[in-house]
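Listed below, chain by chain, are the residues.
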Amino acid sequence: MSGFRDLAMRPPALSVAEASRLGREVFGLDGPAVDLGSHQDRNVRIGGHVLKIANASWATSELELQDAAMRHAAHRLPAVVPAPVSDAIAEVEHGGQRLRLRALPYLPGMPLRTRAHLSRRTLRAAGELAGRVAAALETFDHRAADRTLQWDVRRAGEVVEAYADAIEDADDRALAERAVRTLPGDLPQQVIHGDVTVWNTLVDDAGRLLPRRVIDFGDCGRSWRAAECAVLAASVCAHQPARVLQDAAAVVAGFHAALPLDADELAAMHALIAARAALSLAGGAHQAALDPGNGYVAEGLAIASRGLRAITAIPPPV
């Protein structure tokens, strides 16, 4: 538990222009550079690629895990999951920092979160896509899969306890602390993506709002299989808090169609969704205190608060 309390993961300090120069020098990337935002890393789009600059706290084996999981999933879900451009994780010195760089293809599409209204059909399709990604990873394993990660729903109680003081609103703090008290003792486990959300699920720019692609394996690791579904459901509920029950049900139905959940997983789903919402709020509050100028974190924190309140307002029996 104490391992989270003193964890300070500030993103690497470099400008978009500096990232662009490194991408060109190391991987030959060229084109306009745009900051894509991140909690703890730096992600910069350079033309048709994404340069990922890892947080110094990540072990190299954790980055290798992410790349290996992407390749494994991309082999089974081509055009859905990106595969790394290079097998190499480049290390460079910059401004007194030791940076580790990776390059990925930039996948076209718009995140689900950019759409004001998401229909039940869209949400069921998003749930099915999350289930397909989890199914693709069922046969995957890696020596770093058992990493200790603050975004792992299994550890929501530890994270909320460690970071509760960073949650400024007393009501939100109390809701987060209550939300993690009903986590299940154990559920089926496997390596999961861990962050299939409305931020990381892409739809085509035009036409029907059907999710097509999934990005960002930064939270990949072993966890409860059902957590893959709960992460997306919590994200959707925060995006559309007025329809929490119907929207969560649509996500779970889609996931279950692609990767059937057992009775214990379904029974625990409300607790998992609430725990993920509490985890997002606590982790976001902690990161906002560390990196107050990070607009990406600030936006996510406000959304997490809204989602937690909506989710915990639904009685578990309902």
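Computed from a prediction, not measured in an experiment: that's the story for all the values here. (Residues numbered from 1 in each chain as written. Predicted model: local features only at pLDDT ≥ 70, side-chain atom pairs only at ≥ 80, totals over all residues. Heavy atoms only, no water.)

### Some words on the overall build of the chain
Okay, so step 1: A tally of regular secondary structure across the chain gives eleven helices and ten strands.
Okay, so step 2: Principal-axis analysis of the C-alpha atoms gives the chain an extent of 55 × 40 × 40 Å.
Okay, so step 3: Taking all 318 residues of the chain together, 55% fall into the buried category.
Okay, so step 4: For the chain, restricting intrachain contacts to residue pairs at least 6 apart in sequence, the fraction spanning at least 24 positions comes to 77%.
Okay, so step 5: Working note: accessible area of the chain is about 13000 Å², and carbon and sulfur atoms make up 51% of it.
Okay, so step 6: Taken as two groups, the 34 positive and 38 negative side-chain charges of the chain have centres that lie 5 Å from each other. (Helix = DSSP H or I, 4+ residues; strand = E, 2+ residues; numbered from the N terminus. Buried < 20%, exposed > 50% of the residue type's maximum accessible area, 1.4 Å probe, protein only. Contact = heavy atoms within 4.5 Å. Areas by Shrake-Rupley, 256 points an atom, 1.4 Å probe, with all protein chains shown as cover. Lys, Arg positive; Asp, Glu negative; His and termini not counted. Charge placed at Lys NZ, Arg CZ, Asp CG, Glu CD.)

### Details of the pattern of salt bridges
Okay, so step 1: Tallying each qualifying case throughout the model produces 20 salt bridges.
Okay, so step 2: Measuring nitrogen to oxygen at the nearest pair gives 3.2 Å for the salt bridge that ties Arg 309 to Asp 169. Placement of the pair is Arg 309 in helix 11 (residues 295-312) and Asp 169 in the loop between helix 5 (156-163) and helix 6 (170-179), with a sequence separation of 140 residues.
Okay, so step 3: Given the relative accessible area of 39%, Arg 309 is considered partly exposed.
Okay, so step 4: Relative accessible area serves as the criterion here: at 32%, Asp 169 is assigned to the partly exposed category.
Okay, so step 5: Salt-bridge contacts for Arg 276 lead to Asp 195; the nearest nitrogen and oxygen are separated by 3.3 Å. Pair noted here: Arg 276 is in helix 10 (residues 269-290) and Asp 195 is in the loop between strand 7 (189-192) and strand 8 (201-203), with a separation of 81 residues, a long-range link. (Salt bridge = Lys/Arg side-chain N within 4 Å of Asp/Glu carboxyl O.)

### What about helix 4 (residues 120-136)?
Okay, so step 1: An ideal rise of 1.5 Å per residue puts 24 Å on 17 residues; helix 4 measures up with 24 Å between its terminal C-alpha atoms.
Okay, so step 2: All buried positions along helix 4 are accounted for by Thr 122, Leu 123, Ala 125, Ala 126, Gly 127, Leu 129, Ala 130, Gly 131, Val 133, Ala 134 and Ala 136.
Okay, so step 3: Along its buried surface, helix 4 packs onto helix 3 (60-76), strand 7, strand 8, strand 9 (211-214), helix 7 (225-239) and helix 8 (244-258). (Expected span 1.5 Å × (residues − 1).)

### Considering the packing of aromatic side chains
Okay, so step 1: For the structure on display, the rule yields zero aromatic pairs.
Okay, so step 2: Taking NZ or CZ as reference, Arg 113 lies 3.9 Å from the ring centre of Trp 199, over its face.
Okay, so step 3: Taking NZ or CZ as reference, Arg 147 lies 4.9 Å from the ring centre of Trp 58, over its face. (Phe/Tyr/Trp six-rings, centres within 6.5 Å; stacked < 30°, edge-to-face > 60°. Lys NZ or Arg CZ within 6 Å of the ring centre and 35° of its normal.)

### Digging into the state of the cysteines
Okay, so step 1: With the rule as written, the count across this model stands at zero disulfides.
Okay, so step 2: Cysteine Cys 220 shares no disulfide, and the gap to the nearest cysteine sulfur, in Cys 229, comes to 17 Å.
Okay, so step 3: Among the residues examined, Cys 220 registers a relative accessible area of 0% and is labelled buried.
Okay, so step 4: In this structure Cys 237 is a free cysteine whose sulfur lies 10 Å from that of Cys 229, the closest cysteine sulfur available. (Disulfide = S-S within 2.5 Å.)

### Points about the environment of Ala 234
Okay, so step 1: With respect to the helices and strands, the residue Ala 234 is situated in helix 7.
Okay, so step 2: Overall, the relative accessible area of 7% leaves Ala 234 in the buried class.
Okay, so step 3: For Ala 234 and Gly 307, which are 73 residues apart along the polypeptide, the C-alpha to C-alpha distance reads 7.1 Å.
Okay, so step 4: Here Ala 234 is in contact with Ile 273, Arg 276, Ala 277 and Ile 311, once residues within four sequence places are set aside.

### Quick look at the packing of helix 7 against helix 8
Okay, so step 1: One can describe the packing of helix 7 onto helix 8 by two numbers: an axis separation of 9 Å at closest approach and a directional angle of 145 degrees. Crossing hand, helix 7 versus helix 8: right-handed. When helix 7 is examined against helix 8, the residues Arg 225, Glu 228, Cys 229, Leu 232, Ala 233, Val 236 and Cys 237 are found in contact with a partner set consisting of Val 244, Asp 247, Ala 248, Val 251, Val 252 and Phe 255.
Okay, so step 2: Split into classes, the residues belonging to the contact of helix 7 with helix 8 amount to ten nonpolar, no polar and three charged. (Axes fitted to C-alpha atoms, helices over the stretch in contact; angles between N-to-C directions. Left-handed = near helix turned anticlockwise from the far one by under 90°. Nonpolar A, V, L, I, M, F, W, Y, C, P; charged D, E, K, R; others polar.)

### Description of the sheet that holds strand 2 (residues 42-46)
Okay, so step 1: Spatially, the five strands line up as an open sheet ordered 1-2-3-5-4, and their pairing is antiparallel. Looking at the sheet topology across the chains shown, the edges are occupied by strand 1 (33-35) and strand 4 (90-94). The average angle at which neighbouring strand axes cross in this sheet is 30 degrees, direction not considered.
Okay, so step 2: Sheet analysis places strand 4 next to strand 5 (residues 97-105), joined by five bridges and oriented antiparallel. (Pairing = 2+ DSSP bridges.)

### Let's talk about the sheet that holds strand 9
Okay, so step 1: On the basis of which strands lie adjacent, the open sheet formed by three strands has the order 6-8-9 and antiparallel pairing. The sheet is open, and its two edges are formed by strand 6 (110-111) and strand 9, each paired on a single side.
Okay, so step 2: Pairing of strand 8 with strand 9 involves three bridges; the strand directions are antiparallel. Looking at strand 9, one finds that Leu 202 is bridged to Arg 213.
Okay, so step 3: Across the sheet, helix 4 lies against strand 8 and strand 9, angled at about 35 degrees from strand 9, the strand it touches most.

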